[in-house]
Amino acid sequence: AFAGCCSLVNVYMPDNLINIEPSLFDGCKALEKVSVGAMVESVGEYAFCGCSSLKEVALPEGVVSLEGWAFRDCTALETVTLPQSIASIKKGAFWGCSSLEKFVLPEAANMLDQGVLAGCTSLREVSLHQGVLSIGYGAFYNCSSLTSIEIPNSITSIGDYAFYGCESLTSVEIPGSVTSIGGYA
């Protein structure tokens, strides 16, 4: 509906909106502020992809899914506040968010999907909770500012290329619960 609206700066969504549809604001390069309605349950694929002026996102409690590539290439995105209700964060959701410095995985989510934080070159702090079962393929691919990560002892697998290109990573402790580590991880 609003994809490619290059002059759109602010969006205020009504409280009765349930879903943010796929590609709704894809390529809205001037978009700086988004006010998400209180009833939103899901953010669709590519919903905010390429919104390169968006600096902050706060999703309300009740959102349960963040679909693939939802915030891909939001290069100015510094702060993301995710509700604890999010159970699913799909592949590449924050791919290329090169200004994002901190990521906290919500309690309801039990995995980091493929490439979720790939290319987040400013990412320094990651918080994963007990109950996370896996770190997917390329989850932290080229997160070049990440210096350390605490892997909870609930994790059983680390996918291929999970930490590939994390050139600042100086410390990682792999717990005994991990039974599978992919190539180039």
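1. Here we look at the side chain of Ser134
Part 1 of the argument: Following the sequence through the fold, Ser134 ends up in strand 12 (residues 134–135).
Part 2 of the argument: Look past the residues within four positions of Ser134 in its chain and what remains in contact with it is Asn110, Met111, Leu112, Ile155 and Ser157.

2. Examining the packing of aromatic side chains
Part 1 of the argument: Per the counting criterion, the structure on display carries 14 aromatic pairs.
Part 2 of the argument: Both rings, one in Tyr161 and one in Tyr184, keep their centres 5.1 Å apart while their planes meet at 10°; by these two values the pair is stacked. Here the residue Tyr161 occupies a position in the loop between strand 14 (157–158) and strand 15 (171–173), and Tyr184 occupies one in the segment after strand 16 (180–181), the gap between them amounting to 23 residues.
Part 3 of the argument: Its relative accessible area of 61% is what places Tyr184 among the exposed residues.

3. A few points about a nonpolar patch on the surface
Part 1 of the argument: A cluster of nonpolar side chains, namely Val172, Ile174 and Ile181, defines an oily patch on the protein surface of about 250 Å² accessible area.
Part 2 of the argument: Looking at the element boundaries, Val172 is found in strand 15.
Part 3 of the argument: For Val172, a relative accessible area of 40% corresponds to the partly exposed category.

Calculation criteria
- Residues numbered from 1 in each chain as written.
- Predicted model: local features only at pLDDT ≥ 70, side-chain atom pairs only at ≥ 80, totals over all residues.
- Heavy atoms only, no water.
- Helix = DSSP H or I, 4+ residues; strand = E, 2+ residues; numbered from the N terminus.
- Contact = heavy atoms within 4.5 Å.
- Phe/Tyr/Trp six-rings, centres within 6.5 Å; stacked < 30°, edge-to-face > 60°.
- Buried < 20%, exposed > 50% of the residue type's maximum accessible area, 1.4 Å probe, protein only.
- Patch = residues over 30% accessible without salt bridge, like charges linked within 9 Å, V, L, I, M, F, W, Y side chains within 5 Å.
- Areas by Shrake-Rupley, 256 points an atom, 1.4 Å probe, with all protein chains shown as cover.
- Salt bridge = Lys/Arg side-chain N within 4 Å of Asp/Glu carboxyl O.

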